[in-house]
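# Descriptive structure summary
In case you want the letters, here they are:
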Amino acid sequence: MRRFPPERIVCLTEETVETLYLLGEEDRIVGVSGYAVRPKRVRREKPRVSAFTSADIPRILALEPDLVLTFSDLQADIAAELLRAGVTVTGYNQRDVAGILAMIRHLGATVGQPARAERLAADYERRLESVAAEARGGPRPVVYFEEWDEPMISGLKWVSELIGIAGGQDAFPDLADCGAARDRIIAPERVIAAGPEVILASWCGKKVRPEKIAARPGFDTVPAVRAGRIHEIKSPLILQPGPAALTDGLDAIRAALAFARAPAGSSGTPATP
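Keep in mind the model is a prediction, meaning the values are calculated, not measured.

### Observations regarding the sheet that holds strand β11 (residues 230-232)
If you walk across this open sheet you meet the 4 strands as β9-β6-β10-β11, and the pairing is parallel. Only two strands of the sheet have a single neighbouring strand rather than two, namely β9 (169-170) and β11. As judged from the 4 bridges shared by strand β6 (residues 142-146) and strand β10 (residues 198-201), these two strands associate in the parallel manner. Paired with valine 143 across the bridge in β10 is valine 198. Across the sheet, helix α12 (residues 243-261) lies against β6, β10 and β11, angled at about 155° from β10, the strand it touches most.

Right, dumping it as C-alpha cells:
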C-alpha cells in the first residue's frame, strides 16, 4: 500500500461502501460494485467497476487504488488478478452478526476512524440486544428464509441469527454453518415437513414471486402459504452482510413476524416496529 490510511479505495461489495459512508469517509471511495445502492447518492457519486463475480480490472487499475476491498471466496479470482497486478487487496469474509461488527471495526481502523467505528458497532450491538429482549418470552414462529428459488437455497448465517434476534425460529439452523451456497440447497420436501409459519424470500437480482412459491407441489399444506405469510425482503437489505442487514433488514424481519403474531381475524398488517 503506497499510502496509509489508504486515500483511494475501490469497494467490490455494497457493505463496505455503506460502512465508509456511515463513517464519513466516502471521499476515499473511487469505485464501487454495481450492486451498491446505499446510500442512494452513491449511484450518482461513484463509478461502477464490477458486478459481484466479475470486475473491470483495467478500469480498476486506471483508478490507481491504494486498496481494493473484496468479499468471500466468490471474489477470490478477482482478488488474485489484482494482487498479481500489484494492488493491495483486503478480502473480508464475514458470515455472521459478530463478523459484520468486526468488519465495521476493522474497516474503521483501516481508514483512521477506529473510535467512530467503535461507536457505530456498539450502537448496533445495543439495538440488537434491545430487539432480542423485546422478543424474549413471546411466541417464536418458524421461519423459512429463501435466498434463491431454482434451486432452493437457504441458511445464510447472519440471516438465521437475525431471525432469532427478531423473535423467530429459523426452520433450518443446521444450514447456517455451511458457507458455500451449493451446500445450502434444500429440497422442497424438507420445507413442507418443517411447516414454516412465515416464509421470507430475497432473490438476488430478481423480484420475488410469492405466487410461484405458493404454487409449488405440496406447498398448499404449509402454514405460511395457507395464511398468506410470504414476504419479500429486498436483497440490498438482507443479502449483504453489513449495516443494512442489522438495520432495515432486521426491521423487515420484525415486521413480517409481527404480521404472523397478529390475532386471528384482525384486520390490516401490524405497523413496522
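Read on for the rest.
### Remarks on the state of the cysteines
The full count for this structure, using the stated rule, is 0 disulfides. We note that cysteine 11 lacks a disulfide partner, and the nearest cysteine sulfur, in cysteine 204, lies 18 Å from it. Take cysteine 11: its relative accessible area is 0%, and that puts it in the buried class. Judged by relative accessible area, which is 38%, cysteine 204 ranks as partly exposed.

### Some details on the confidence of the model for the protein chain
The predicted model of the protein chain has a mean per-residue pLDDT of 93, with 96% of residues at 70 or higher. Contacts for the low-pLDDT stretch residues 264-273, under 50 throughout, to residues beyond four places or in other chains number 10 contacts.

### What about the pattern of salt bridges?
This model, assessed by the stated rule, comprises 24 salt bridges. Salt-bridge contacts for arginine 2 lead to aspartate 66; the nearest nitrogen and oxygen are separated by 3.8 Å. Here the residue arginine 2 occupies a position in the segment before β1 (9-11), and aspartate 66 occupies one in the loop between α3 (57-62) and β4 (67-71), the gap between them amounting to 64 residues. For arginine 2, a relative accessible area of 57% translates into the label exposed. For aspartate 66, a relative accessible area of 2% gives the class buried. A salt bridge links arginine 127 to aspartate 251; the shortest N-O distance between them is 2.5 Å. Highlighted residues: arginine 127 in helix α6 (residues 114-135) and aspartate 251 in helix α12, separated in sequence by 124 residues. Each of Arg2, Arg3, Glu7 and Asp66 takes part in salt bridges that share partners, so that together they form one network.

Thresholds, definitions, all that
- Residues numbered from 1 in each chain as written.
- Predicted model: local features only at pLDDT ≥ 70, side-chain atom pairs only at ≥ 80, totals over all residues.
- Heavy atoms only, no water.
- Pairing = 2+ DSSP bridges.
- Helix = DSSP H or I, 4+ residues; strand = E, 2+ residues; numbered from the N terminus.
- Contact = heavy atoms within 4.5 Å.
- Axes fitted to C-alpha atoms, helices over the stretch in contact; angles between N-to-C directions.
- Disulfide = S-S within 2.5 Å.
- Buried < 20%, exposed > 50% of the residue type's maximum accessible area, 1.4 Å probe, protein only.
- pLDDT = per-residue confidence, 0-100.
- Salt bridge = Lys/Arg side-chain N within 4 Å of Asp/Glu carboxyl O.

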